[in-house]
Amino acid sequence: MLLPILLMIAAPFIGSFLGVVIRREADFAAIARGRSHCDSCRAPLGAAELIPLVSYAVLKGRCRHCGVAISSFHPAVELMAVIPVAWAALIQSGPLVALSAVLGWILLALAWIDWRSFRLPDVLTIPLLVLGLVSAWFFDSANWLDHLIGAIAAFAVLAGLALAYRWVRGREGLGLGDAKLGAGLGAFIAWQALPALFLLSAVFGLLYFLARSAFSRLSSDDERIAFGPFLALAGWIAWLYGPLLPGWT
């Protein structure tokens, strides 16, 4: 139980860093140059103000310097970073929990960035692919080829859909960022779980569209909806629970 506990303690700090990654859209050069500051008065934040969740609670959600309300985005992403660790610890054990935590944090950043700006940065999707293939070599070496096939097949299917949509509709639908994210997920879950990945992501996307249509009117038929968050959630579930569909083992 020591490893999950340590990861749970570290998760809000990782979430704080992920918040910076998300807001700066994984521009690590800008992240390295910048220093954390208040979004309103630009005052640099001290060490005590950077303690995840605690500082927000102590300051009552307001900047110590100017008194302006701090965006709820910060505690939200810090709390969200705990979920992959807690969820994985219920199902897995040992080093797999740490691997799942890293996977969950990367997916959280990718999903949030895509939701905000319709981008899935290569600086996150490519390392996800590499991590998936390397992890498969260590944790499932006997079936490593299945993971490689999963990565290639997921990219081919999603890139093919993107090209087909562009050819039929004459405009962008899925982007290659989605295909690269799919490749990274395919490296983790192997080709046997790809049907579950595609089915679940489509179902999640459809449910969101129906819920949004029911409670608020879309501004136009051409309004964009990010697919990355649904793909990331489907990949996470397929990673934890397996292929899911009968006949795929």
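Details of the structure are given in the entry above.
Description of the structure in this document.

Parameters at a glance
- Residues numbered from 1 in each chain as written.
- Predicted model: local features only at pLDDT ≥ 70, side-chain atom pairs only at ≥ 80, totals over all residues.
- Heavy atoms only, no water.
- Core = buried A, V, L, I, M, F, W, Y, C linked by side-chain atoms within 4.5 Å.
- Buried < 20%, exposed > 50% of the residue type's maximum accessible area, 1.4 Å probe, protein only.
- Helix = DSSP H or I, 4+ residues; strand = E, 2+ residues; numbered from the N terminus.
- Contact = heavy atoms within 4.5 Å.
- Axes fitted to C-alpha atoms, helices over the stretch in contact; angles between N-to-C directions.
- Parallel < 35°, antiparallel > 145°, perpendicular 65-115°, else oblique.
- Left-handed = near helix turned anticlockwise from the far one by under 90°.
- Nonpolar A, V, L, I, M, F, W, Y, C, P; charged D, E, K, R; others polar.
- Polar contact = N/O pair within 3.5 Å; in protein donor to acceptor, adjacent residues only side chain to side chain.
- Salt bridge = Lys/Arg side-chain N within 4 Å of Asp/Glu carboxyl O.

## Description of the nonpolar core
What tends to happen in soluble globular proteins is that the nonpolar side chains get buried as a cluster. Core analysis: the biggest nonpolar cluster contains 52 residues, and Trp-105, Leu-107, Leu-128, Leu-181, Ile-189 and Trp-239 have the highest contact counts within it. When residues in this core are grouped by element, the largest group, 13 residues, is from helix α6 (residues 95-117). Not counting residues within four places of it along the chain, the set of residues in contact with Trp-105 comprises Leu-7, Ala-11, Ile-14, Leu-18, Ala-81, Pro-84 and Val-85.

## What about the packing of helix α1 (residues 2-23) against α6?
Their axes nearest at 10 Å, the elements α1 and α6 cross at an angle of 20°. As the angle between them shows, α1 and α6 are arranged roughly parallel. Of the two elements, α1 crosses α6, and the hand of that crossing is right-handed. Listed contacts from α6 to Leu-3, Pro-4, Leu-7, Ala-11, Ile-14, Leu-18, Val-21, Ile-22 and Arg-23 of α1 are Pro-95, Val-97, Ala-98, Ala-101, Trp-105, Leu-108, Ala-109, Trp-112, Ile-113 and Arg-116. A per-class count over the contact of α1 with α6 returns 17 nonpolar, no polar and 2 charged.

## Topic: the packing of helix α4 (residues 73-80) against α6
Contact pair α4 / α6: the axes reach a minimum separation of 11 Å and the direction vectors enclose 145°. Of the two possible hands of crossing, α4 and α6 adopt the one that is right-handed. Residues Phe-73, Ala-76, Val-77 and Met-80 of α4 lie in contact with α6, whose contacting residues are Leu-108, Trp-112 and Arg-116. Grouping the constituent residues of the contact of α4 with α6 by class yields 6 nonpolar, no polar and 1 charged.

## Here we look at the side chain of Gln-192
The residue Gln-192 is located in the loop between α9 (176-189) and α10 (194-215) in this model. Assessed through its relative accessible area of 13%, Gln-192 is described here as buried. At 3.1 Å, the side chain of Gln-192 and the side chain of Asp-146 are in polar contact.

## Regarding the pattern of salt bridges
Inspection of every chain in the model, using the stated rule, returns 2 salt bridges. Residues Asp-122 and Lys-180 are paired through a salt bridge, measuring 2.9 Å at the closest nitrogen-oxygen approach. Pair noted here: Asp-122 is in helix α7 (residues 122-139) and Lys-180 is in helix α9, with a separation of 58 residues, a long-range link. Looking at Asp-122, the relative accessible area reads 40%, which means it is partly exposed. In this structure Lys-180 comes out as partly exposed when scored by relative accessible area, which is 24%.

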